[in-house]
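Letter by letter, the chains look like this.
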Amino acid sequence: MKMDTMNISLTRAQSEYVRRSVERDFGNASEFFRDLLRERMRREIGADLDQLQATDDDAPAGPSAAEIGQVLATQRRVRKERSVRVVLDANVVVAGACWQGEGFLCLLKLARRQAFAG
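Residues take numbers from 1 onward in each chain, read along the sequence in its written order. For this predicted model, a pLDDT threshold of at least 70 governs which residues receive local features, and a threshold of 80 or more governs which side-chain atom pairs are given and counted, while totals over whole chains, interfaces and linings are taken from all residues. The basis for every side-chain value is the complete set of heavy atoms in the structure, and neither hydrogens nor water enter the calculation.

In this section: a nonpolar patch on the surface. Nonpolar side chains (Val, Leu, Ile, Met, Phe, Trp, Tyr) are joined into patches within 5 Å and like charges within 9 Å, using only residues with over 30% relative accessible area and no salt bridge. Using a 1.4 Å probe, accessible areas were evaluated by the Shrake-Rupley method; residue-level cover was limited to the displayed protein chains. Salt bridges are defined by distance alone: a side-chain nitrogen of Lys or Arg within 4 Å of a carboxyl oxygen of Asp or Glu. On the surface, a nonpolar cluster with roughly 530 Å² of combined accessible area is contributed by Leu-37, Met-41, Ile-45, Leu-49 and Leu-52. The helix count covers DSSP runs of H or I at least four residues long, the strand count covers runs of E at least two residues long, and both are numbered beginning at the N terminus. Position of Leu-49 among the secondary structure elements: in helix α2 (residues 29–58).

What follows is about the pattern of salt bridges. Inspection of every chain in the model, using the stated rule, returns seven salt bridges. With its nearest N and O atoms 2.1 Å apart, the salt bridge here joins Arg-19 to Glu-16. Separated by three residues within a single helix, Arg-19 and Glu-16 lie in helix α1 (residues 12–25), roughly one turn from each other. In this structure, the salt-bridge partner of Asp-35 is Arg-38, at a minimum N-O distance of 4.0 Å. Linking Asp-35 with Arg-38, this pair stays in helix α2, spanning three residues, or about one helical turn. Think of it in three bands: with a 1.4 Å probe and only protein chains considered, a residue is buried below 20% of the maximum accessible area for its type, exposed above 50%, and partly exposed in between. A relative accessible area of 41% places Arg-38 in the partly exposed class.

Let us look at the side chain of Ser-21. Note that Ser-21 resides in helix α1. With relative accessibility at 3%, the residue Ser-21 sits in the buried group. What Ser-21 contacts, discounting residues up to four positions off in sequence, is Phe-26 and Phe-32. Two residues form a contact once any of their heavy atoms are found within 4.5 Å.

Turning our attention to the layout of surface pockets. Both cavities and pockets are sets of points on a 1 Å grid over the protein atoms alone; in a cavity a 1.4 Å probe fits but cannot get out, in a pocket the set is open with protein on both sides within 12 Å along at least five of seven lines, and lining residues sit with an atom within 4 Å of a point. Grid points are joined across faces, edges and corners, and a volume is the space filled by probe spheres set on the points. When its volume is computed, the largest pocket comes out at roughly 480 Å³. Taken together, Met-3, Asp-4, Thr-5, Met-6, Ile-8, Leu-10, Val-18, Ala-29, Ser-30, Phe-33, Arg-34 and Leu-37 make up the full set of residues lining the largest pocket. At five residues, the largest contribution of residues to the lining of the largest pocket is made by α2.

What follows covers the side chain of Glu-67. Following the sequence through the fold, Glu-67 ends up in helix α3 (residues 65–82). Exposure remark for Glu-67: the relative accessible area of 18% places this residue in the buried category. From its side chain, Glu-67 meets the backbone nitrogen of Ser-64 in a polar contact 3.0 Å long. Pairs of N or O atoms are called polar contacts if they sit within 3.5 Å, as long as, within protein, a hydrogen donor faces a hydrogen acceptor (for residues adjacent in sequence, only side-chain-to-side-chain pairs).

This brings us to the environment of Arg-19. The exposure class of Arg-19 is partly exposed, given its relative accessible area of 39%. Separated by 13 residues in the primary sequence, Arg-19 and Phe-32 have C-alpha atoms spaced 9.4 Å apart.

Let's shift gears to α1. Helix span, expected: 1.5 Å multiplied by one less than the number of residues in the helix. Taking 1.5 Å per residue, 14 residues should reach 20 Å; α1 reaches 20 Å between its end C-alpha atoms and fits that length. Of all the residues in α1, the buried ones are Val-18, Ser-21 and Val-22. Buried positions in α1, seen along its axis, are confined to an arc of 100 degrees and lie on one side of it. Turned more than 90 degrees from where α1 packs its buried face, Arg-12, Ala-13, Glu-23 and Arg-24 sit exposed. Taking the helix axis as origin, the arc is that swept by the directions to the C-beta atoms.

With that out of the way, let us pick up the confidence of the model for the protein chain. The quantity called pLDDT is the predictor's confidence in a given residue, expressed from 0 to 100. Looking at the protein chain, the pLDDT average stands at 76 and 64% of residues meet or exceed 70. Averaged over each element, pLDDT in the protein chain is lowest for strand β2 (residues 91–93) (34) and highest for α1 (96). Note that pLDDT drops below 50 for residues 85–96; the model gives that stretch 14 contacts with residues more than four away or on any other chain.

And the structure:
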């Protein structure tokens, strides 16, 4: 594997610490710093996983049956609305519709907005 080279500046105390650590536990300074980087990466990944798991504990497994029903009803309504186009200043606008590619989240928002308004 190709390796990049980096130069770093250390205080005298830091340099001495690295030297002692290398003599005791590592073959060279590069191995010492690669080990530090791997450990830091593990900690960051662990913290990210902890945050995701904490968020996941309170999150629903998926949309409820009622939400799915609202989405399907919104899809039917949007399909009908998409066939009606309003031309303003040579721009075509479809009022309240989700454009292709916006997907499920847009439809869910529209369904919730419709349920709240209705």
